[in-house]
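Commentary on secondary and tertiary structure
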Amino acid sequence: MDKFYHSVRLDPELCKGCINCIKRCPTEAIRVRGGKAQINSKFCIDCGECIRVCPHHAKHAVYDKLDVLKDYEYTVALPAPSLYSQFNNLDDVNIVLAALVMMGFDDVFEVSAAAELVSEATRRYIETHQEQLPIISTACPSVVRLIRVRFPNLIPHMLPLNPPIEVAAILAARRAMEKTGLPREKIGIIFISPCPSKVTYVRSPLGTEKSEVDHVLAIKDVYPKLLSYMKGVGNESPELVMSGRIGIGWGRSGGEAGGLLTESYLAADGIENVIRVLEDLEDQKFTNLQFVELNACNGGCVGGVLTVENPYVAEVKLNRLRKYMPVARSHMGNVSKAVLHWTKEVQYEPVFRLGSNMMESFSMLNQVERLCKKLPGLDCGSCGAPTCKALAEDIVRGDASENDCVYYLRENLHRLSEEVSILADDLAAGGNGGQETLNILKEYIQRISSEMSLLDNKDDDDDE
Amino acid sequence: MDDVITLNYEVSPDDFTRAGEASSDVKSKLKQMGVNPEAVRKVAIAMYEGEINMVIHAEGGRITVEISPSEIKMVLADKGPGIPDVDLAMQAGYSTAPDDIRSLGFGAGMGLPNMKKYSDDMVIDTTVGVGTTITMRVTI
């Protein structure tokens, strides 16, 4: 299994080499090289920001298509709670669940039901692990990946429980096997996702060896089909719903924390805000916090890039839907703890380290500092790196050169042409250099034209 | 190759929004250097406390950080009022922070004690009416 597997990809055909994505990537994982964006797989956390900002739709997410249903004898849909927030005037979740069955699934298992179990287990975990406070939520795979590469000191604070998607998959697979007597491989457990980050989780999970989810569909693909089936659901739709206010609340920011029945929590959403909170947590700037809920998308899962509704409208819809629900419908009861707990520790991956050992990194950092003083500090992005500092790091890593900076090139040209004019003046004044000065002059002019062609190449790259 | 990387920061007075800029810059550099996470944490906390102190008590000042492969040396120099009784100031919970600062959540009297706790060596050089220079070292 690739520990840096990614579901966010680039389509080079569509990429124009503009600087929108490099500027917005929260981990500075993207560079434009040779006129096309490139995603550094070690830095990328699959948050989907680049998908959101790319004006040319060159960034996309990989996920499965509906026809994967045909690969199994029996299929179970795992709808994310954010799915319910996509519909107008929905007042009964059973309608969505019944429509999923009409669409071709044999059964449904709400992720929000599993979320209620995770909430219950989290409450218990906090009670028994006071020395580890504050506990940081691990439901958003992008946040877990971010902590793994950037915040080693916070790894011990991560909630070592499987996210609701995984708990739902484990329980759904068990239920399906009991019900049908089929072997596991003939049963398809299919998650309906608001974001690419969950695809990454399923293909390359952290905290567990292998995910029980077999395929991931996008809410935006399922939505239009589901809508037409929902119209056909009669009044006597079967009672399929297994979750209440707590579980369905997980679909938006603050929902997970809300399920803990404590007031000393913090809930941050949007990847930039998440990073700020993690920085401050690392510096111990918060006191008396029990729980920290973090979601990479604005508004929480309702803001995922694979959803269709505006995240804030979706939140309103979710709140309206929850209003008359019981607090919770699913309880741990005799569900074994093993279903919930991580079976594999998350290891720090120091991908941002400059060199392979500390002495090398130290000397590289020194070079970066010196280069930063030389570069213009405009962070214009023309070199393909998001900031001058990022370019300096690329140069030191051997991935770029000073000539990638247009300002640096321009300054060089100015200096060369000044020297040419001094030499020419000298020649005109009949200086005693004669032929030698003429040779130097020719050499300078050659250098100017080769630097000029470097600039031209840059333009060619951009035009490709 | 230079064997020390020197970083200079100005701490501006009365600007809480910028307090912490210097420590987070140092933190990100230490991570790039691959310094062990525990040492990074110590530097970040000790330096942040120092920065906040300079904002609250001393109308800002200057921080010089020297990074070498074996240790991080932080020199925090201000031209503030000085500390009349260092032993008292080092006591946990002792604070002279005014109420408006306390209302911001600062002034818990843990600044200097935390700086001492998170640095491996700390020297305070202070003269009332002249200023304070605190030198902290964290071994890598």
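I will try to describe carefully the structure that is included in this document. This one's a predicted model, so the numbers in the text were calculated from it and none came from an experiment. (Residues numbered from 1 in each chain as written. Chains lettered and ligands numbered in written order. Predicted model: local features only at pLDDT ≥ 70, side-chain atom pairs only at ≥ 80, totals over all residues. Heavy atoms only, no water.)

Examining the packing of helix α14 (residues 358-374) of chain A against helix α15 (residues 388-397) of chain A
Residues and elements named next belong to chain A.
- At their nearest, the axes of α14 and α15 sit 9 Å apart, and the two run at 135 degrees to each other. The angle between α14 and α15 places the two elements in the oblique class. Relative to α15, α14 is oriented so that their crossing is right-handed. When α14 is examined against α15, the residues Met-364, Gln-367, Val-368, Leu-371 and Cys-372 are found in contact with a partner set consisting of Lys-389, Ala-392, Glu-393, Ile-395, Val-396 and Arg-397.
- Class assignment for the residues of the contact of α14 with α15 results in 7 nonpolar, 1 polar and 3 charged. (Axes fitted to C-alpha atoms, helices over the stretch in contact; angles between N-to-C directions. Helix = DSSP H or I, 4+ residues; strand = E, 2+ residues; numbered from the N terminus. Parallel < 35°, antiparallel > 145°, perpendicular 65-115°, else oblique. Left-handed = near helix turned anticlockwise from the far one by under 90°. Contact = heavy atoms within 4.5 Å. Nonpolar A, V, L, I, M, F, W, Y, C, P; charged D, E, K, R; others polar.)

Things to note about the sheet that holds strand β11 (residues 291-295) of chain A
Residue and element names in this part refer to chain A.
- Strand order in the open sheet formed by 3 strands is β7-β11-β10, and the pairing between neighbours is parallel. Because the sheet does not close on itself, it has two edges, and the strands there are β7 (135-136) and β10 (265-269).
- Both β7 and β11 contribute to a ladder of 2 bridges, which runs parallel. Across the sheet, Ile-136 pairs through a bridge with Val-292, a residue of β11. (Pairing = 2+ DSSP bridges.)

Topic: unusual backbone geometry
All names here are of chain A.
- A cis geometry characterises the amide bond from Leu-133 onward to Pro-134, with omega recorded as -10 degrees.
- As for its placement among the helices and strands, Pro-134 is situated in the loop between α5 (111-128) and β7.
- Located in the positive-phi region is Asp-46, a residue other than glycine, with phi close to 55 degrees.
- Tracing the sequence through the fold places Asp-46 in the loop between β3 (36-39) and α2 (49-53).
- We classify Asp-46 as buried; its relative accessible area is 1%.
- The phi dihedral of His-57 falls on the positive side, at around 55 degrees, and the residue is not glycine.
- For His-57, the position within the fold is in the loop between α2 and β4 (59-61).
- By relative accessible area, His-57 is classed as exposed at 60%. (Buried < 20%, exposed > 50% of the residue type's maximum accessible area, 1.4 Å probe, protein only.)

Brief notes about the pairing of β11(A)
All names here are of chain A.
- Of all the 5 residues making up β11, 5 are buried; the element is thus mostly covered by neighbouring parts of the structure.
- Of the two faces of β11, the one holding Phe-291, Glu-293 and Asn-295 and the one holding Val-292 and Leu-294 are both buried throughout.
- The sheet contact formed by β10 and β11 spans 5 bridges and is parallel. Residue Leu-266 lies in a different strand from β11, and its bridge partner there is Val-292.
- The parallel pair β10 and β11, bridged by helix α12 (residues 271-282), forms a crossover whose chirality is right-handed. (Right-handed = clockwise from strand over helix to strand, strands pointing away.)

Thoughts on the packing of helix α2 (residues 37-57) of chain B against helix α5 (residues 111-118) of chain B
All names here are of chain B.
- Between α2 and α5, the least distance of the axes is 8 Å, while the angle of their chain directions is 155 degrees. Between α2 and α5, the angle falls in the class roughly antiparallel. Judged by the twist between their axes, the crossing of α2 over α5 is left-handed. Contacts between α2 and α5 involve Arg-41, Lys-42, Ile-45, Ala-46, Glu-49, Gly-50 and Asn-53 on the former and, on the latter, Gly-111, Leu-112, Asn-114, Met-115 and Tyr-118.
- Taken together, the residues of the contact of α2 with α5 break down into 5 nonpolar, 4 polar and 3 charged.

Looking at the state of the cysteines
Residue and element names in this part refer to chain A.
- Counted by the stated rule, this structure contains 0 disulfides over all chains.
- Of the cysteine sulfurs around Cys-15, a residue in no disulfide, the closest is that of Cys-21, at 6.4 Å.
- The thiol of Cys-47 is not disulfide-bonded; the next cysteine sulfur, from Cys-25, is found 6.3 Å away. (Disulfide = S-S within 2.5 Å.)

Focus on the interface of chain B and chain A
- If you look at the interface, chain B gives 24 residues, while chain A gives 24 residues.
- Counting each side, the surface lost to burial between chain B and chain A is near 2,300 Å², with a carbon and sulfur contribution of 58%.
- Broken down residue by residue, the surface that chain B buries against chain A is led by B:Lys31, B:Gln32 and B:Met33, which jointly contribute 29%.
- At the surface where chain B touches chain A, the tally comes to 5 salt bridges.
- With its nearest N and O atoms 2.6 Å apart, the salt bridge here joins A:Glu279 to B:Lys27.
- The tally of links between chain B and chain A comes to 10 residue pairs in polar contact (both at pLDDT 80 or more).
- Counting only elements with at least two residues in the side of chain B that touches chain A, the list comes to β1 (5-11), α1 (21-33) and α2 of chain B.
- Partitioned by chemical class, the residues of the side of chain B that touches chain A number 14 nonpolar, 3 polar and 7 charged. (Buried area = accessible area lost by both parts, 1.4 Å probe. Salt bridge = Lys/Arg side-chain N within 4 Å of Asp/Glu carboxyl O. Polar contact = N/O pair within 3.5 Å; in protein donor to acceptor, adjacent residues only side chain to side chain.)

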